[in-house]
Amino acid sequence: MISENGRCITKLENMGFRVGQGLIERFTKDTARFKDELDIMKFICKDFWTTVFKKQIDNLRTNHQGIYVLQDNKFRLLTQMSAGKQYLEHASKYLAFTCGLIRGGLSNLGIKSIVTAEVSSMPACKFQVMIQKL
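Looking at an unreviewed UniProt entry, one finds the protein chain named Trafficking protein particle complex subunit 6B, with Tursiops truncatus as its source organism. Recorded under Function (unreviewed entry), the UniProt text for the protein chain is reproduced unchanged: "Component of a transport protein particle (TRAPP) complex that may function in specific stages of inter-organelle traffic. Specifically involved in the early development of neural circuitry, likely by controlling the frequency and amplitude of intracellular calcium transients implicated in the regulation of neuron differentiation and survival." The UniProt entry for the protein chain carries this comment under Sequence similarities (unreviewed entry): "Belongs to the TRAPP small subunits family. BET3 subfamily."

### A short note on the environment of L23
By the secondary structure assignment, L23 is in helix α1 (residues 4–28). A relative accessible area of 16% means that L23 is categorised as buried. Sequence-wise, L23 and T51 are 28 residues apart; in three dimensions their C-alpha atoms are separated by 9.5 Å. If near-sequence neighbours (up to four positions away) are discounted, L23 is found in contact with F48, V52 and L101.

Cut-off values and rules
Residues numbered from 1 in each chain as written. Predicted model: local features only at pLDDT ≥ 70, side-chain atom pairs only at ≥ 80, totals over all residues. Heavy atoms only, no water. UniProt positions renumbered as here; feature names shortened; annotations may be inferred. Helix = DSSP H or I, 4+ residues; strand = E, 2+ residues; numbered from the N terminus. Buried < 20%, exposed > 50% of the residue type's maximum accessible area, 1.4 Å probe, protein only. Contact = heavy atoms within 4.5 Å.

See the structure below:
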């Protein structure tokens with residue numbers, strides 16, 4: 001049985017997915033086609049992130065086998081929360097929407113993915129994108 005918190009996170013992730021799909025459609029209508037997966041991830045980290053969160057992702061890493069880690073050292077949705085540990089458990093609700101946003105954007109660009117997030121110290125967070133090969 002799924003907890004109330006789990007249902008909330010699933011709903012937020014699904015909302016983010018739909019928003020991400022719509023935003024990518026609007027943001028890419030005047031851009032040239034992307035060369036490859038890495039090109040798409042760079043677009044997400046620079047243009048997409050800047051438009052949505054008013055800053056670029058601080059760090060993008062990849063293992064060149066379909067896993068990307070996007071690090072934001074001052075994630076906008078967490079900066080208003082205290083740096084104290086007591087708010088760490090609530091961070092997942094704020095990150096679920098953003099995971100969906102990334103997944104939805106990638107989906108509209110032809111990339112199926114699983115996106116997870118982790119926070120070790122507020123307001124920094126990492127989003128892990130695992131590309132699903134078709």
